[in-house]
Amino acid sequence: MTLLTMCATQLVSPATKTMFSRILTSALFAGAAAGLIAALLQLYFVQPVLLHAELYEGGDLVHFGADPVTAHPELPGMFAEPVRDGLSIIFTMLTYTGYALALVALMSIAEQQGREINGRTGLLWGLAGFVAFHFAPGLSLAPEVPGVAAADVGVRQVWWTATVATAGVAMWLIAFGGNLVSYLIAAALLIAPHVVGAPEPDTFAGPVPTEIGALFAARAFGIGMAAWVLLGSFAGYFWQAEGKRANAAA
Amino acid sequence: MTTNAIKASAVGSTILPAVFALILGLGVVTVTGHAQASGLHDAAHDVRHATGFPCH
């Protein structure tokens, strides 16, 4: 049998199909549910801070070197811009579905190695995902409001991707390594990107008050953590439920 | 089928879908979080900021 035929046979084998549909179904349910909750939380808690910052970015409000400015300008309410907010909901759900696909794929591998995957252990998976995708890159590239000074976006994306990759491997090693060497490698992987340093702007030129920037970063982290913990729990729950369903059908 | 082939098939049936889903998921995150095409950037703008992606 040639290698190609062997690969093709494996790709279409019933076991492969079952496994793939189980991953896909669990990830879609978990991602859509957690993404919708994340989007609503973001619209309520993060979006007003972002809109406030945009008043400074666009020059409607001027803070530095001018007279004191009100901290409570009139802002559009939730869903005041239905197209903009609707797109935000769709893209948040898509993003969390992407996270869910990666998360459930790794859960399926862990389960093959004898780890228990359910809604309760999923909480820890979600926390690890939050560290890998939000907290590790955000430690040096804090979630930024519009209008702040920042280095070139391409360079930041490269650093962001490398940091997420190293933190992801580190979280796996911490969870499943089981020996001192893997913990030490994990620690090195977590620290290294921040020792190398994230791309920083040459000068500070952002017009947004620090109070708004700090609140935005804190809220983005808080909502991110809540949404990821829910995502992990949902993913674990649906993974287990889909497995039971597939077994019952078989 | 030899024992090795059966073993290889069993591994393939679990690892291949996982690898494919992992790549698909990271691909989706790259498109929603990083792709700089103008329409995509504008539509995902608020989400990228709120989710901590480098935006612009």
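Fair warning: this is a prediction, and the values are worked out from it, not measured in the lab.

Draft legend 1. Representation of the overall build of chain B. Of the regular secondary structure elements, chain B holds two helices and zero strands. Taking all 56 residues of chain B together, 45% fall into the buried category. Just so you have it, chain B exposes about 2,500 Å², and 74% of that area is on carbon and sulfur atoms.

Draft legend 2. The overall build of chain A, seen in detail. If you tally the helices and strands in chain A, you get seven helices and zero strands. Counting helices and strands in the order they occur from the N terminus, chain A gives α-α-α-α-α-α-α. Dimensions of chain A, computed from C-alpha atoms along their principal axes, come out at roughly 75 × 45 × 35 Å. Burial analysis of chain A (250 residues in total) assigns 40% to the buried set. Partitioning the contacts of chain A with sequence separation of at least 6, the portion at a separation of at least 24 is 81%. Only carbon and sulfur atoms are counted for the fraction: they give 69% of the accessible area of chain A, which is about 12,700 Å². Of the side chains in chain A, 9 bear a positive and 15 a negative charge, and the two mean positions are spaced by 23 Å.

Draft legend 3. Looking closely at the nonpolar core. Residues and elements named next belong to chain A. Tyr 99, Trp 228 and Leu 231 are the most contacted members of the largest nonpolar core, which has 36 residues in total. Here this core takes nine residues from helix α3 (residues 82–112), the largest share from any one element. Those residues in contact with Leu 231 that lie beyond four places of it in its chain are Ala 30, Gly 31, Ala 34, Tyr 96, Tyr 99, Ala 100 and Leu 103.

Draft legend 4. Representation of helix α5 (residues 153–176) of chain A in the model. Residues and elements named next belong to chain A. Between the first and last C-alpha of α5 there are 34 Å, a value that for 24 residues agrees with the 34 Å anticipated at 1.5 Å per step. Residues of α5 that are buried make contact with α3, α4 (119–140) and α6 (180–196). For α5, the N-terminal cap is Asp 152; the gap from its side-chain oxygen to the backbone nitrogen of Gly 154 is 3.2 Å. Of the residues trailing α5, Gly 178 is marked for its positive phi of about 75°.

What counts and how
- Sequence order as written defines residue numbering, which begins from 1 separately in each chain.
- Just so you know, chain letters begin at A and ligand numbers begin at 1, following the order they were written in.
- In view of the model being predicted, local features appear only for residues whose pLDDT reaches at least 70, and side-chain atom pairs are presented and counted only at 80 or more, with totals across whole chains, interfaces and linings using the full set of residues.
- To obtain the side-chain values, all non-hydrogen atoms of the structure were used and water was disregarded.
- Put simply, DSSP marks the helices as runs of H or I at least four residues long and the strands as runs of E at least two long, and each gets a number from the N terminus on.
- Using a 1.4 Å probe on the protein chains alone, a residue whose accessible area is under 20% of its type maximum counts as buried, one over 50% counts as exposed, and one in between counts as partly exposed.
- Using the Shrake-Rupley algorithm and a 1.4 Å probe, accessible areas are obtained, with residue cover drawn only from the displayed protein chains.
- The contact criterion used throughout is that any non-hydrogen atoms of two residues lie within 4.5 Å.
- For this count, His and the chain ends are skipped, Lys and Arg are scored as positive, and Asp and Glu as negative.
- Charge coordinates come from a single atom per side chain, which is NZ of Lys, CZ of Arg, CG of Asp or CD of Glu.
- For our purposes a nonpolar core is just a set of buried Ala, Val, Leu, Ile, Met, Phe, Trp, Tyr and Cys residues, chained together by side-chain atoms within 4.5 Å.
- One less than the residue count of a helix, multiplied by 1.5 Å, gives the span that helix is expected to have.
- Any N or O atom pair separated by 3.5 Å or less is treated as a polar contact, with the protein-specific requirement of one donor-capable and one acceptor-capable atom, and with residues adjacent in sequence counted only for side-chain atom pairs.

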